[in-house]
Every structure is written in structure tokens, then in C-alpha cells.
Amino acid sequence: MSKVNLSFPEVQIREIRINSITGYQGDAQELVEASYSGLKDKERTFSQCLGCATSKAACMTVLIQDAAVISHGPVGCASCLHEFAFTYRVNSPLRGVVKPTPRRIFSTNLKEKDTVYGGMTKLANTIREVYERTRANAIFVLTTCAAGIIGDDVESVCDEAEEELGIPVVAIFCEGFRSKVWTTGFDAAYHGIARKLIQPPRQRRDDMINVINFWGSDVFAEWFAAFGAKPNYITPYSTVNGLKYASEAAATVQACSTLGSYLGAVLEQEFGVPEIPAAPPYGIAQTDRWFRALGKVLGKEEIAENLIAEKKRKYLPKIEALREKLSGKTAYVTAGAAHGHALLDILGELGLKTVGAAIFHHDPVYDSGRKENDQLAQRVSDYGNVPNFNVCNKQEFELVNALNRIRPDVLLARHGGMTLWGAKLGIPSLLVGDEHYSMGYEGLVNYGERLLEVIENDEFVKNLEKHAINPYTQWWLNQPPHYFLKGGTGV
Amino acid sequence: MSLSGMIEQERFTCAIGALQSVVAIPRAVPILHSGPGCGEMIAGFFERSTGYAGGTTSPCTNFTEKEVVFGGINRLRDIIRNTYKVLDTDLQVVLTGCTAGIVGDDVDSLVSEFAEEGKPIVSVETAGFKANNYEAHSLVVNAIIDQYVDLFVAENAPRSSKNTVNLLASIPYQDPFWKGNLFEYKRLLAGLGLKANILFGPYSGGVKEWQTIPTANFNILVSPWYGKPIADHLKTKYGQEYTWFRHVPIGANETEAFLYQVLDFALTQGAEIDEKAARAFIQHESKAYYEEIDNLATFLLEFRYGLPNHVHILHDAGYVVGLSRFLLHEVGIVPKEQFITDATPEKFQEDIRAELKATSQKREIPVYFEPDAGRAQEILRGIHHNGRGLIIGSGWDKELAKEKNYDFLSAAVPSPYRLVMTTNYVGFTGGLRVIEDIYHLVLSTYA
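Residues numbered from 1 in each chain as written. Chains lettered and ligands numbered in written order. Predicted model: local features only at pLDDT ≥ 70, side-chain atom pairs only at ≥ 80, totals over all residues.

Engineer: An account of the overall build of chain A is needed here, citing residue identities and associated values.
Structural biologist: The helix and strand tally for chain A stands at 21 helices and 13 strands. Its C-alpha atoms give chain A principal-axis dimensions of roughly 65 × 60 × 45 Å. The 491 residues of chain A split such that 58% are buried. Of the contacts formed within chain A by residues at least 6 apart in sequence, a portion of 73% connects residues at least 24 apart. (Helix = DSSP H or I, 4+ residues; strand = E, 2+ residues; numbered from the N terminus. Buried ≥ 20, exposed ≤ 12 C-beta atoms within 10 Å, placed from the backbone. Contact = placed C-beta atoms within 7 Å.)

Engineer: Just give me the short version of the overall build of chain B, but keep the residues and values in it.
Structural biologist: Counting its regular elements, chain B contains 17 helices and 14 strands. In terms of overall dimensions, chain B has C-alpha extents of about 70 × 55 × 40 Å along its principal axes. Put simply, chain B has 447 residues, and 59% of those count as buried. By sequence separation, contacts in chain B at least 24 residues apart represent 73% of the contacts at least 6 residues apart.

Engineer: I'd love a proper account of the interface of chain A and chain B, names of residues and values included.
Structural biologist: With 57 residues of chain A at the interface, the matching set in chain B holds 58 residues. When residues of the side of chain A that touches chain B are traced back to their parent elements, those giving at least two are α3 (53-59), α4 (82-91), β3 (104-107), α5 (112-117), α6 (120-134), α7 (145-150), α17 (396-406) and α21 (474-478) of chain A. With five residues, the single largest contributor to the side of chain A that touches chain B is α6 of chain A. Each residue belonging to the side of chain A that touches chain B can be placed in one class, and the counts come to 27 nonpolar, 18 polar and twelve charged. Two elements, β3 of chain A and strand β1 (residues 7-8) of chain B, share two bridges in a ladder whose sense is antiparallel. If you follow phenylalanine 106 of chain A over to β1 of chain B, its bridge partner there is glutamate 8 of chain B. (Nonpolar A, V, L, I, M, F, W, Y, C, P; charged D, E, K, R; others polar. Pairing = 2+ DSSP bridges.)

Engineer: Outline the packing of helix α14 (residues 301-326) of chain A against helix α19 (residues 440-456) of chain A, supporting the account with residue identities and numerical values.
Structural biologist: All names here are of chain A. It is at 9 Å that the axes of α14 and α19 come closest, and there the two elements cross at 25°. Relative to α19, the element α14 lies roughly parallel. Classified by chirality, the crossing of α19 by α14 is left-handed. On the side of α14, the interface is formed by Lys311, Lys312, Tyr315, Lys318, Ile319, Leu322, Lys325 and Leu326, while α19 contributes Tyr441, Glu442, Leu444, Val445, Gly448, Leu451 and Leu452. Of the residues in the contact of α14 with α19, the class split is nine nonpolar, one polar and five charged. (Axes fitted to C-alpha atoms, helices over the stretch in contact; angles between N-to-C directions. Parallel < 35°, antiparallel > 145°, perpendicular 65-115°, else oblique. Left-handed = near helix turned anticlockwise from the far one by under 90°.)

Engineer: Can you lay out the domain arrangement of chain A for me, pointing to particular residues and giving the numbers?
Structural biologist: Per the domain assignment, the segments making up chain A are domain 1 (53-173), domain 2 (208-297) and domain 3 (307-478). Computed from C-alpha coordinates alone, the two centres of domain 1 of chain A and domain 3 of chain A are separated by 35 Å. (Domains from an automatic or database assignment.)

Engineer: Let's hear about the domain arrangement of chain B: which residues, and what values?
Structural biologist: Residues and elements named next belong to chain B. What the domain assignment reports for chain B is domain 1 (15-147), domain 2 (161-283) and domain 3 (289-443). Relative to domain 3, the C-alpha centre of domain 2 lies at a distance of 25 Å. Opposite the 23 residues of domain 2 that make contact, domain 3 presents 35 residues. Counting residues per element, the ones that place at least two in the side of domain 2 that touches domain 3 are α8 (178-192) and α11 (251-268). If one sorts the elements of the side of domain 2 that touches domain 3 by residue count, α8 sits on top with seven residues. In terms of residue class, the side of domain 2 that touches domain 3 is made up of eleven nonpolar, eight polar and four charged.

Engineer: Tell me about helix α14 (residues 346-357) of chain B, and name the residues and values.
Structural biologist: Residues and elements named next belong to chain B. Between the first and last C-alpha of α14 there are 17 Å, a value that for twelve residues agrees with the 16 Å anticipated at 1.5 Å per step. Where α14 is concerned, the buried positions are Ile352, Glu355 and Leu356. Buried residues of α14 fall within an arc of 90° about the axis and therefore sit on the same side. Exposed side of α14, more than 90 degrees from the buried face: Glu346, Lys347, Glu350 and Ala354 are the residues found there. Those residues of α14 that are buried lie in contact with α13 (317-331), β11 (338-340) and β12 (367-369). (Expected span 1.5 Å × (residues − 1). Arc of directions from axis to C-beta.)

Engineer: How would you summarise the confidence of the model for chain B if you had to cite specific residues and measurements?
Structural biologist: For chain B, mean pLDDT is 97; residues scoring 70 or higher make up 100% of the total. In the model output, the complex is listed with pTM 0.97 alongside ipTM 0.97. (pLDDT = per-residue confidence, 0-100.)

In C-alpha cells form, the structure reads like this:
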């Protein structure tokens, strides 16, 4: 179990806290076994643009309905955040937001002289002006590489502003260079939220369950209704008040353990909200376990059993029919860690043959410390091993290489940009952005139907393949994918 | 500007955003010596902007704590060396981010080691706190000129080609219409008898074309302010004079003014041009344009269900002036308060105000220079004019337009609500396209 310590302004980075790694080549079973015996990370001597903690912290704060977000850095460090404003707007009907409001995203716009004299005055003035302009109920300040290296005392500036303005002003330490695992940005955001927003519970509410998630469709409302509870979606689409009293929920569930590992543990360890001891409900076996675990935590085991039986009656025949159509097809997965494992579950359940995976990083043990939350271990025991399992740190060159040699019937991806290479190689490729879409028994039907459609509708990728532009050298495509990974032939 | 200098709703990005100018050169690759998020921030800002080897294809050192403490030069050496193995490219441009800038890695020396081996490689300092991408575009282009183009100057004698010009205009990706615009400039200049090096996009000639930059007789700068350092540099370096057109020429009036200005300048520079044919070309293009306007005028005059009568534009200075002039004179939509969001340096602001003032003898067009576009929106929120209004801006402005019940045309980055591929807004045809876009969205509000 990782140690949550809210007295420090900064979250401990993932590679230290839970020994996360960004490089591995082997198979899934070996990785699962190694996870409990001191897994060592491996570096690469070639790397491509990655992604950093600051935008991950941003996506967990920008969508909080009544908050404003300041990026404390040069203007570039906030330049992709408009995408979250778009997401908020586009997905608000899924969450019943009747009047979506403009997202308030600022940059302190650090200049060269600030790197010499410091940016703290600029930050203090910005916080004040942002409050005047937005009257937000909370302000989040995200740090950046430049702010981090020049050594601005962001915590003090935020504390002073908080006192002056009378609203939470939350420093979030998410400089890109701090962690090799960009998902540390989620942890950083949650750490700040837990320190400054979440209040000790006034009561325990058995009608509310926290769902740590992104911005997917509202599938939990129906499920929880059977247990007499409602989902409290955190943190996107929540409000400052909604977050304050997340501490009063009956339980916490996760849509993606990579995302919510830290917040789940914080809510449990610091505020007494139990996290249910089961990985998210992808695939039949895991969905069974998940509902049972939920029922147990809520003291409503019977309801869980009834729900499982009822859902299975309804959906198993449909799943079986899909299995017949999909069985024997080969598939490759590329995704962030836990949701990648979820996709592997789905493939296993639907009878496809998984021929490999490029998973961005690996968390050997989540912050809860519970093996029951280890989705990859469950996947291996429920559906068998996954060969060609590569922890790829989102390195496109490795993915292209692997796909080119493996040539699966279908590529499943869960991050922008990654489907392109499947399509360029003429491989039908599917990205489902809504991670709730494939959850539960009904999710298998949803996803299976999409899979069939994608495999069937391959004219586009076959045509694209003929005209695809490829910047990779033939030499590279002939090397093993882990050539530049420590221990590989090219290092 | 706000007191703090903060910016809400960014419409440009930092210096390293000029990596897109490298992406726009066919078969060139940007190599980032930067933190791990820089590439993602830029790709996310521009969207659909990966080109040949941008986005997640671009090599990057992805600074960690280790490089911040001990420096990242050895890591960069590995990355560059292996870039040659993995990617097939014609030009490599190493761009530094804030981390490399602050820790002080000597990138120039490292890159010159590779250059001495004969690699077509260039380095340029683009730490985000040093400049924005409007400014850094010039840094990148000048670095390529000095460190790459100049190596070929023996075979490309300065000003040796009388009818060749270098065109310095749209900034790739920052101008969402850059691809179409550059192609249209090239086509129009060819009509005058000039061969234009447009340097970026599929209708440029890639690095081969860059090598011929010195041969151009003169240069053409189309810009309110950005890109001027390139024209100045080329003037000093290769003795090329330049003619400067200060806004985006949209529609007939401005395109004619632009082409006649270039024609006159070309003649003074000794270009071998058939002046009569060139004038005939302009007149022919203009005639074709007015055939459309003539045909459309009835609609503009008579459409009885409501068309916008006034416009607010939030854009860079070149578009604000170019669109204001075009919409007032050639479409009949009156430009009201305008917002220039490109962080125009103060020394250029007076001239831009004068250009906007010269748009009309009859009316003042109030203009705000406001890189903090959130503030621009606050001002706009408090303005009211009679009649149906139109806002031309970036995706950020869609919500404001909705709030004010205005029509909205997305024509600036970031542009999540509109796809642009090869559309041009420049030239006669560009003006017609602007008209199509405006009235397409107006008409689509019915039924």
C-alpha cells in the first residue's frame, strides 16, 4: 500500500510511490509475476514526443464546473488545454449539464525576465485578476517545467491568495520533467484537491458512490439505482461543493485504475471511504466480481446477485452470438495502462485472439495495495497470457514496428494518434473514447458490435494503406521493436 | 493587457510552437530537446497538424529530473544519432524547450558536430519563455537559412535568378489557411511571370527549393509584423530588397493592390516581366471575380430574412485588417470593434491602426490590441449594435457568439469546430470563399 501523505504540497511521483515503469518487452504473465518482485524500469536510446503531467492535471481540473485553472508557465504550457473546453462542451449532454459554461483557462505567460527574477508576483497578480474576472469557487494553479526549475514558491503564493480571496486556491505540482510517467499528473491534481478541497465527512451517505472517471457516458446511474444509490462523478463535471463532500460517500469505484489509483486510496485512507476491492467491470468474469464486491461493501450482496443474474439473462445470449462472429480474429491493443488491460479483457471475453499489446506504462501495484485491483493479473488468469506485451511509453516507432510485423485483423487503441498507424498498414482500427461504453455485460455487446462493424468496414483502411506516407526507414522496420530499449541489440 | 500580463484563451503558443514551420517543410523533421509535454501541447493546440514527421513521430529527449540536474546533451546526442537510423528525412531541426534553455545545454556545438559530418541539421533556441510562435517562426527560418541554405550558396548565387522571389507570408498552422494561401500566392505570382519560393507545404519544392533562396531577385513580405526579421535578414545576407504588403489580401481590391505593388516592385528590381501580360492577368482574374459578385449582389441586397450587418473579428493583425477591408467594401458588412490577438509588438501598432483607419473615409473602426483574448471577449460582451452580428474568430469565440446570438465563423486557431485543409482566404478566390463560408453558415441557421 502506498503511503498517502497530504502534509507535503507535492505528490510523490508514481515511479517512486508504486514503482511504475515505462519500458518492458516480454509477455503479460511474466510482467504480472515480475510486478511483485521488484520490477526494474528500462530506458531507451531513442524516444519521441511523449506527453506530460500538466495536461493530465488539467483535464481533472478544467472540467470542474465552477473552477478556474491557471497554468503557471510560458504560454505554450497551456496551449492544448482548449481541447478540454471542447470535451466539456461536447460531452455535457451525457451528464445532463443543461447550461454548460465556458471553461476558464489562463496562463501566467512567463517571460524571460520572470525566469531571472522569479514569477511569484506575476502569479499572485494573476490569481487576483482571475478571481475578479471569473468569481470562480476555486482556482487551481498548475506548475510547469519553467516554474519548477526557477524555483517559484507556488505553494506560498497560493496560500496567501486563498487567505485574501476566501476561496480555495490549490497548487498542483505537475511539472513535466518531475515524473517519467505522465499519469503522475492525475495524482498531482488529486493530491491538491484532497489537500485543499475535500473536507472531513459530516456524515456517511449510503446513497452516494464516488466514481473516479473521465467524461464518459452515465452508465453508473442505472447500476447504482438498484442499490439505492447515485454516482458522484469525480472530478470532471463535478462542482467544488460536490468534491468537498466526496468524503461522505458509501464507497469509491474507478473507471480506470491508472486514473484513479491515488484518489481512491486517499479517499479511503484519509476520509474513510472504502474503495471497492475489484478492478473495473470489463469482461464477464470481472463484472461479476465487481458487482459482488460492490454489494459486499454496501452490505447488499443479494441485490448484487439479483442484478448479475438479471443482466446475464438479458445479455449473455447476445454476447454468445457476437463471440461466434468474432472468434478467431486476431487483435492488438495499444492504450494507457489499466484501460489497455480492460480492452484485453474484452477481447478475451469476445473470443478474439490477442496477439500483442503496446501499453504506455505499467503500475505493478496500485495505491490501494490490493491484488484484487490488478487488472492485468485478472486478465491473465481469466483469459490467458498475452504474447508480445510491450510497455511502450507511447513510443510510436515501437508500435509501428510491432504492428508491421504482427499484422493483426484489428487494432484497438485508446489514445489520440495511435489508430493512424493501424490504418496506414491497412489494419481496421478502433478507438472508443468513452471508457464506460464497454463496461459491464451490456458493454460487451456495445463493443462487440462496434468491433464487427470496424472489421467489416475495411475499405477505407485498405485504400489508405495504398497511399500511406511512411517516414520510417526500412532498416528500422527490420529491427526487433525493443532494439533501442535497454537490453535490446541497439543499445 | 491585464496588469499581470496573464492570458486567457490562448490564440497563439510559445516559441517551440514554431516546430510546425519545420513540419510544414516536406520531409523535414523537428527534433525537440525539451520536456516531455512540449510536443503534445503544440500538436494539441493546432490539431490535425502532424504532417510528415510531427506530433508523436517527432524525436524528443523528454527531459526528466536527471537531465534537469546533469544536463541533457548526451541524451540529445543519442536521440539525434538514432533519428538518422529510424526516420527517413531531408532536414533535421533541433528546437530547444524551456528546460534545455534554463539548464544551458550547448546544443549548437553538438549540432555542429553532426553538421560537420555532412548532415543537413540545424539548431535553434526556442525556449517558451523567450518568444511566442509568431516571433519564433522567424528564428526557425533564419536558422535554417544560416545553417543549411547558406551551405549551398556557391551553386545558388545571390540574386542570380531575375524572376524568382521568396514569398514570406502565412505562418504554417498558425494561419489555418496557410496551405491554400501559399498555393494561391504562388499561382497569382506566376500569373505575373514570377516564380515564387513558398518554402512550405506540398506545392513548395522541399529542401531543394530552400537551397535556391539566395537566387531570388527580391522578396515579398505579406504580414502586419511577423516574418519581417526574415526579410530583413535576407536583405543583409543576400542583398535582396523586399516589398512589404501589410495585411492579408482578401477579395479583389486588396489582391489587385497587392499584385500591382509586386508588379511595380518587380519592374524596379529588373525582373524580366511582360508587363502587359501581367496586367491582363490581373484584369482577367478580377473580371472572373466580379462576375460572381455581380451574380451574388441580388442575394446580398434582397435576402429578406436577415443577414449580418456588422462584424467583430478576433484574429492576428493581418487578418483583422484584410477581412475588415474586404467585408466593408466588397460584401457590405460593417466592421465594428476589432480585436488583434497576436501580441503585436508596440512599435508596429501605430501602422496597423493607420491601415485600419485608411479602410474608410466615413467611419472609425475601433481596434484593441489584446493578446489576453479572455479580456477581448469581456469587452465584446459589453458591446451592442443593432442588427444581426457576426463574429469571426477562433473556436473559443463560438460560445460567446452563442451567448450574444451572433453568427460565428471559425477562421483562427485553435479551431476545434472547423476543419481546414487546403482552403485559401487569400486572393480573389479567397474572398469568394469567405463569402461562401459566411452565408453558408447564415443560411444553415434556417429550417
